[in-house]
Amino acid sequence: MTKKRLSIFASGSGSNAEKFFEYFQNHPQIEIASVFTNNKSAGVIERAQRFNIKHHVYNRSFWQTGETIVEVLESEKIDFIVLAGFMLLIPKALVARFPNRIFNIHPALLPKFGGQGMYGMNVHKAVKAAGETETGLTIHYVNEYYDEGAIIFQESCTINPTDSAEEIAAKVLRLEHKNYPKVVEQEVLKSI
Ligand code: GRF
């Protein structure tokens, strides 16, 4: 039985990506086949190299139509795509080729604090400024609009009034690391 092959898209540090590398290192049915990034200095590259996972760097122009990316994903026989801190909008051609096969994680309880420009610290600053008493993470399928695909999983955490945006970010990141690989595993195994 060939394993289901996942490719991870990341633009930044890649701490979520590394949790996937660790979680699926010797998985019987699922493997991490490659990493794609739009940022040649992304931390995720060094993390992928440490796990001997192939990485591709494609600059912004390739992400307009996504045709080249689709060709490479097909040549690698990728079954699912995991966005883990990927900053560009996923082109329609890619969403069409991988319907309900692209996952994303958002560091807030969507639909609140989502949409274009809502990423990284912008989210946690907005959550704090709004005086929220809780926040959390959302794992959802990707469609061609930012953060609007079907929600798969959410988990919340409390916010104390004294929490800085950085402390909120750290709380949410811990929840992300704890949940994202497991939730994706459950969804992928449903397709077997
Ligand atoms: C995470 O906070 C995630 O919610 C968001 O981008 C961040 C990625 O962090 N989509 P890392 O690069 O995985 O450390």
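Residues numbered from 1 in each chain as written. Predicted model: local features only at pLDDT ≥ 70, side-chain atom pairs only at ≥ 80, totals over all residues. Heavy atoms only, no water.

- Naming follows an unreviewed UniProt entry, where the chain appears as Phosphoribosylglycinamide formyltransferase of Roseivirga thermotolerans.
- The record held by UniProt for the chain lists under Sequence similarities (unreviewed entry) the comment "Belongs to the GART family."
- Word for word, the UniProt comment on the chain under Function (unreviewed entry) is "Catalyzes the transfer of a formyl group from 10-formyltetrahydrofolate to 5-phospho-ribosyl-glycinamide (GAR), producing 5-phospho-ribosyl-N-formylglycinamide (FGAR) and tetrahydrofolate." (UniProt positions renumbered as here; feature names shortened; annotations may be inferred.)

**Looking at the packing of aromatic side chains**
Logical step 1: Summed over all chains, the structure comprises twelve aromatic pairs.
Logical step 2: Between Phe-21 and Phe-51 the ring centres are 5.4 Å apart and the planes differ by 50 degrees, which places this aromatic pair in the tilted class. Remark: Phe-51 occurs in the loop between helix 2 (43-50) and strand 3 (54-57) and Phe-21 occurs in helix 1 (residues 15-23); sequence separation between them is 30 residues.
Logical step 3: For Phe-21, a relative accessible area of 2% corresponds to the buried category.
Logical step 4: The ring of Phe-98 carries the charged tip of Arg-97 above its face, separated from the ring centre by 4.8 Å. (Phe/Tyr/Trp six-rings, centres within 6.5 Å; stacked < 30°, edge-to-face > 60°. Helix = DSSP H or I, 4+ residues; strand = E, 2+ residues; numbered from the N terminus. Buried < 20%, exposed > 50% of the residue type's maximum accessible area, 1.4 Å probe, protein only. Lys NZ or Arg CZ within 6 Å of the ring centre and 35° of its normal.)

**Things to note about the site of the ligand**
Logical step 1: Contacts to the ligand come from Ser-13, Gly-14, Ser-15, Asn-16, Gly-85, Ile-105, Pro-107 and Glu-176.
Logical step 2: Asn-16 is positioned with one of its backbone polar atoms (N or O) 2.8 Å from an oxygen atom of the ligand.
Logical step 3: Considering the ligand on its own, with 370 Å² of exposed area, one finds that the protein chains cover 84% of that surface.
Logical step 4: Across the shell around the ligand, the residue classes tally to two nonpolar, five polar and one charged. (Near = heavy atom within 4 Å. Polar contact = N/O pair within 3.5 Å; in protein donor to acceptor, adjacent residues only side chain to side chain. Areas by Shrake-Rupley, 256 points an atom, 1.4 Å probe, with all protein chains shown as cover. Nonpolar A, V, L, I, M, F, W, Y, C, P; charged D, E, K, R; others polar.)

**Overview of the UniProt feature "active site" (unreviewed entry) in the chain**
Logical step 1: Summarizing the sequence annotation, UniProt attributes the feature "active site" (unreviewed entry) to His-106 in the numbering used throughout.
Logical step 2: Looking at the element boundaries, His-106 is found in strand 5 (residues 102-106).
Logical step 3: Excluding residues that lie within four positions of it along the chain, His-106 makes contacts with Phe-113, Gly-114, Met-118, Val-123, Gly-136, Leu-137, Thr-138 and Asp-147.
Logical step 4: Polar side-chain contacts of His-106 include one of 2.6 Å to the backbone oxygen of Phe-113. (Contact = heavy atoms within 4.5 Å.)

**Brief notes about the side chain of Glu-76**
Logical step 1: Take Glu-76: it is sitting in the loop between helix 4 (67-75) and strand 4 (80-83).
Logical step 2: One polar contact links Glu-76 to His-56, side chain to side chain, over a distance of 2.5 Å.
Logical step 3: The residues touching Glu-76, leaving out its near neighbours within four places in the chain, are Arg-5, Ser-34, Phe-36, Lys-54 and His-56.

**Quick look at the pattern of salt bridges**
Logical step 1: As enumerated under the stated definition, the model contains eleven salt bridges in all.
Logical step 2: Between Arg-5 and Glu-31 there is a salt bridge, with the nearest N and O atoms lying 3.0 Å from each other. A residue pair is termed long-range when its members are at least 10 positions apart, and Arg-5 in strand 1 (residues 4-9) and Glu-31 in strand 2 (residues 30-37) qualify at 26 residues.
Logical step 3: According to the relative accessible area criterion, Glu-31 is partly exposed, its value standing at 26%.
Logical step 4: Via salt bridges that share partners, Glu-18, Glu-46, Arg-47 and Arg-50 belong to a single interconnected network. (Salt bridge = Lys/Arg side-chain N within 4 Å of Asp/Glu carboxyl O.)

**Details of the nonpolar core**
Logical step 1: One finds Ile-8, Phe-21 and Tyr-180 to be the most contacted residues of the largest nonpolar core, which totals 37 residues.
Logical step 2: At seven residues, helix 7 (residues 165-190) tops the list of elements feeding residues into this core.
Logical step 3: Apart from the residues lying within four places of it in its own chain, the contact partners of Phe-21 are Ile-8, Ile-32, Val-35, Arg-47, Ala-48, Phe-51 and Ile-53.
Logical step 4: Among the nonpolar cores identified, the runner-up in size contains 20 residues, and Phe-9, Ile-69, Val-70 and Val-142 belong to it. (Core = buried A, V, L, I, M, F, W, Y, C linked by side-chain atoms within 4.5 Å.)

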